Protein chains: 2
Amino acid sequence: MTDMLLNDVRLPDGAAVDVAISRGRIERVGPNLQAPAHVAREAGAGLLLLPGLVEGHTHLDKTTWESPWYVNQVGPALTDRIDNERAWRAASGHDAASHSRALALAFLREGTTRIRSHVDVDTDAGLRHLEAVHATREALAGLIEIQTVAFPQSGLLGRPGTAALLDLALAQGADVLGGLDPCAIDRDPAQSLDVLFGLADKHGKPLDIHLHEPGDLGAFSLDLILDRVQALDMRGRVVVSHAFCLGGVDARRLDGLLKRLAALEVAVLTTAPPSRPVPPLRACREAGVTLFGGNDGIRDTWTPYGSPDMLARAMMIGLRNDLRRDDEIGWAFDCVSGAAARACGFADYGLTPGARADLVLVAASGVAEAVAQRVPRRLVISGGAVVARDGRLLDSVAA
Amino acid sequence: MTDMLLNDVRLPDGAAVDVAISRGRIERVGPNLQAPAHVAREAGAGLLLLPGLVEGHTHLDKTTWESPWYVNQVGPALTDRIDNERAWRAASGHDAASHSRALALAFLREGTTRIRSHVDVDTDAGLRHLEAVHATREALAGLIEIQTVAFPQSGLLGRPGTAALLDLALAQGADVLGGLDPCAIDRDPAQSLDVLFGLADKHGKPLDIHLHEPGDLGAFSLDLILDRVQALDMRGRVVVSHAFCLGGVDARRLDGLLKRLAALEVAVLTTAPPSRPVPPLRACREAGVTLFGGNDGIRDTWTPYGSPDMLARAMMIGLRNDLRRDDEIGWAFDCVSGAAARACGFADYGLTPGARADLVLVAASGVAEAVAQRVPRRLVISGGAVVARDGRLLDSVAA
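Residues numbered from 1 in each chain as written. Chains lettered and ligands numbered in written order. Predicted model: local features only at pLDDT ≥ 70, side-chain atom pairs only at ≥ 80, totals over all residues. Heavy atoms only, no water.

Labelled according to an unreviewed UniProt entry, chain A appears under the name N-isopropylammelide isopropyl amidohydrolase, originating from Achromobacter dolens.

As structure tokens, this is what we get:
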């Protein structure tokens with residue numbers, strides 16, 4: 001039944017094994033596996049085996065990937081960036097379908113096989129971006145699993161008609177409902193969150209709320225969010241993205257928020273930005289809160305930085321949290337692999353039998369070296385098929 | 001007289017020019033330059049021309065570059081790291097000459113032609129590391145300009161005999177005298193700084209003092225340092241490295257310190273660590289303080305991170321200071337080019353006639369793209385000769 005035998009790889013724990021793959025899934029992992037002569041062999045050459053990487057938070061629809069350089073002259077406020085982007089989109093004729101596809105393929109080349117992408121839904125663009133990313137999702141089905149989040153980037157209450165568009169977006173197949181700063185942007189937090197949770201509840205969809213609000217303001221909003229998770233019993237189905245406030249409150253307040261997040265099984269997403277307070281990884285782990293990682297925008301009108309490389313993001317999580325020991329750097333790797341899959345609900349994930357055969361081979365002594373030195377990907381396998389070698393997608397995949 | 005004509009490159013301001021090189025220096029920069037037929041031509045293909053990059057603060061002697069992975073199990077305190085390193089060096093037989101050479105060549109490959117390297121001097125290692133890095137400096141003369149800093153990593157006062165070793169190091173050709181946390185490590189700041197400045201004064205050498213002390217403690221030490229710069233009139237000859245305290249005091253205290261730094265022409269080095277407060281780049285520029293950039297250790301017993309790529313360090317400076325506009329990212333580039341050359345006193349630097357012909361070509365629309373996307377180096381020229389193409393050193397250089 002085996003379709004492919006991946007020989008001679010090392011697991012993160014150091015064990016030398018072979019991997020038998022059948023019908024796109026891992027069938028067996030162990031030493032000296034056998035297979036009939038007709039089964040395809042792939043030589044692992046003693047390289048380190050990692051599970052396919054997970055991007056927990058990006059914006060495929062906004063990227064200028066594979067476009068000429070966007071010269072950034074944008075003002076410093078959050079609203080400057082939101083307004084500038086809406087105007088740029090309208091003026092530039094930005095094609096969210098082709099750019100999201102190009103960026104998703106670049107992610108695949110670097111070993112990422114699961115992506116949660118927020119997608120702007122607003123009264124200017126309507127559902128155009130969502131339709132574009134859904135087209136990419138379909139075009140790349142079997143290669144990359146893309147979750148879409150219908151995201152009100154311009155606010156939920158401020159522009160009438162947005163809630164109706166989100167309602168439609170969920171009906172049309174968006175996987176998750178997104179939210180945004182109920183105080184700072186919507187300026188009516190209780191009403192904003194009631195509308196948002198009402199929509200999620202109506203459609204039975206998970207939530208992912210971008211909370212940029214700092215310090216005690218963000219902590220206030222976070223408590224309002226957690227009240228509603230509790231009331232609707234949305235345990236395990238809500239993510240709070242960014243949550244800068246967890247890096248900006250005193251130890252007692254932090255402790256109380258982490259306890260609530262853990263009890264309500266609300267996961268927290270971090271991009272580990274060097275210039276902002278961030279949720280502390282060590283404290284989250286100790287409290288039993290799932291913290292996972294994502295890039296946010298990559299080379300868009302918000303930021304000129306970013307690359308579709310989840311090992312680079314893990315490296316930033318490590319640097320931001322001052323993780324230097326090999327075992328601690330393993331926590332950063334978990335943020336872009338197991339923890340991200342768990343938080344986003346990507347099924348059949350990992351290096352165990354039954355999991356989807358999404359595999360990455362790298363030349364590294366272990367996970368710490370792979371992260372800290374952001375080593376190149378030697379081989380990427382998705383759904384049991386080789387899709388990239390030595391940093392290049394196979395022609396059949398790139399086409 | 002022209003030895004090489006570099007055709008068709010773009011300056012950072014966008015001008016399309018040729019560059020005539022003679023005897024290792026830039027002879028002319030301008031459109032449509034002519035040269036006799038026998039002069040070597042190098043096709044610039046419209047690529048962006050950058051000056052050779054400058055590493056303002058690293059530790060060539062400590063790196064494990066091109067060694068097997070060092071498994072980090074070190075405790076979290078500064079003194080844990082210092083003591084662990086001294087013990088590891090003694091036990092491992094670490095060869096500072098071969099590792100420093102390997103790392104310096106990796107820097108060159110990525111377009112760095114000037115390096116300030118701190119080198120440990122202590123009563124265990126004596127001057128062994130300094131001699132090793134001086135051997136590398138001589139081996140690579142003409143390819144990379146290496147400045148050495150005789151650096152008392154284990155403290156100046158705590159281990160008797162250190163001052164005498166530093167005295168000897170300066171006599172044996174160390175270019176700069178290094179210092180370290182006069183409160184936190186030496187615990188007798190006035191005495192520590194008096195000994196340090198006395199040695200610098202005796203030898204007429206510049207100073208580079210590593211000041212990790214946070215907040216008001218670091219600000220106290222910084223004032224003590226500035227008092228002595230003033231008393232000895234060492235204007236323009238002192239660098240304070242790290243200076244985390246500048247990111248950890250209130251606005252009024254910061255303003256006062258920046259005014260003194262500017263008046264005494266004391267430059268500040270930052271590695272822009274994501275997990276520590278840092279000197280704010282915008283405020284330093286506004287106050288007229290030269291802030292420049294460096295990597296600190298690369299893949300050593302202190303940190304598993306780092307790469308010998310000054311565009312990556314500029315990217316981190318940009319991220320740490322939340323620089324997003326193209327013009328602001330130009331400031332981050334200045335930190336690893338012009339500002340670093342000025343602060344370290346590297347002569348004949350830049351893209352103007354008379355400067356040493358240290359040149360880097362990259363495929364980027366401008367400096368902002370080169371930094372934010374950390375673009376690969378297409379061509380590196382050092383002292384008028386091609387040393388690397390497409391990310392590989394020429395065999396003659398690597399040998």
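Looking now at the sheet that holds strand 8 (residues 145-151) of chain B. Residues and elements named next belong to chain B. Strand order in the open sheet formed by eight strands is 6-7-8-9-10-11-12-13, and the pairing between neighbours is parallel. The sheet is open, and its two borders are formed by strand 6 (53-58) and strand 13 (291-293), each paired with just one other strand. The mean angle between the axes of side-by-side strands here comes to 25°, regardless of whether they run parallel or antiparallel. In this sheet, strand 11 (residues 238-242) lies alongside strand 10 (residues 207-211) in parallel orientation, the contact comprising five bridges. Bridge assignment links I209 to a residue of strand 11, and that residue is V240. (Pairing = 2+ DSSP bridges. Helix = DSSP H or I, 4+ residues; strand = E, 2+ residues; numbered from the N terminus. Axes fitted to C-alpha atoms, helices over the stretch in contact; angles between N-to-C directions.)

When chain A is fitted to chain B, the residual RMSD is 0.0 Å, and the transformation amounts to a turn of 180° plus an axial shift of 0.0 Å. The transformation relating the two chain copies, once decomposed into turn and shift, fits a two-fold axis. When C-alpha distances to the rotation axis are compared across chain A, the minimum falls at P274(A), with a value of 2.2 Å. Here 100% of the interface residues in chain A have copies in chain B that are interface residues too; the copies meet face to matching face. (Least-squares fit on C-alpha atoms with pLDDT ≥ 70 in both. Contact = heavy atoms within 4.5 Å.)

Next up on the list: the packing of aromatic side chains. Residue and element names in this part refer to chain A. Summed over the entire model, instances satisfying the criterion amount to two aromatic pairs over all chains. Ring centres of Y70 and W88 lie 6.0 Å apart, and the angle between their planes is 70°; this geometry places the pair in the edge-to-face category. Of the two residues, Y70 sits in the loop between strand 6 (53-58) and helix 1 (78-92) while W88 sits in helix 1, which places them 18 residues apart along the sequence. Owing to a relative accessible area of 18%, Y70 belongs among the buried residues under this scheme. On the accessibility criterion, W88 (16% relative accessible area) is buried. (Phe/Tyr/Trp six-rings, centres within 6.5 Å; stacked < 30°, edge-to-face > 60°. Buried < 20%, exposed > 50% of the residue type's maximum accessible area, 1.4 Å probe, protein only.)

Turning our eyes to something else, we now look at the side chain of Q153(B). With respect to the helices and strands, Q153(B) occurs in the loop between strand 8 and helix 4 (162-171). Only 2.9 Å separates the side chain of Q153(B) from the side chain of K62(B), close enough to count as a polar contact. (Polar contact = N/O pair within 3.5 Å; in protein donor to acceptor, adjacent residues only side chain to side chain.)

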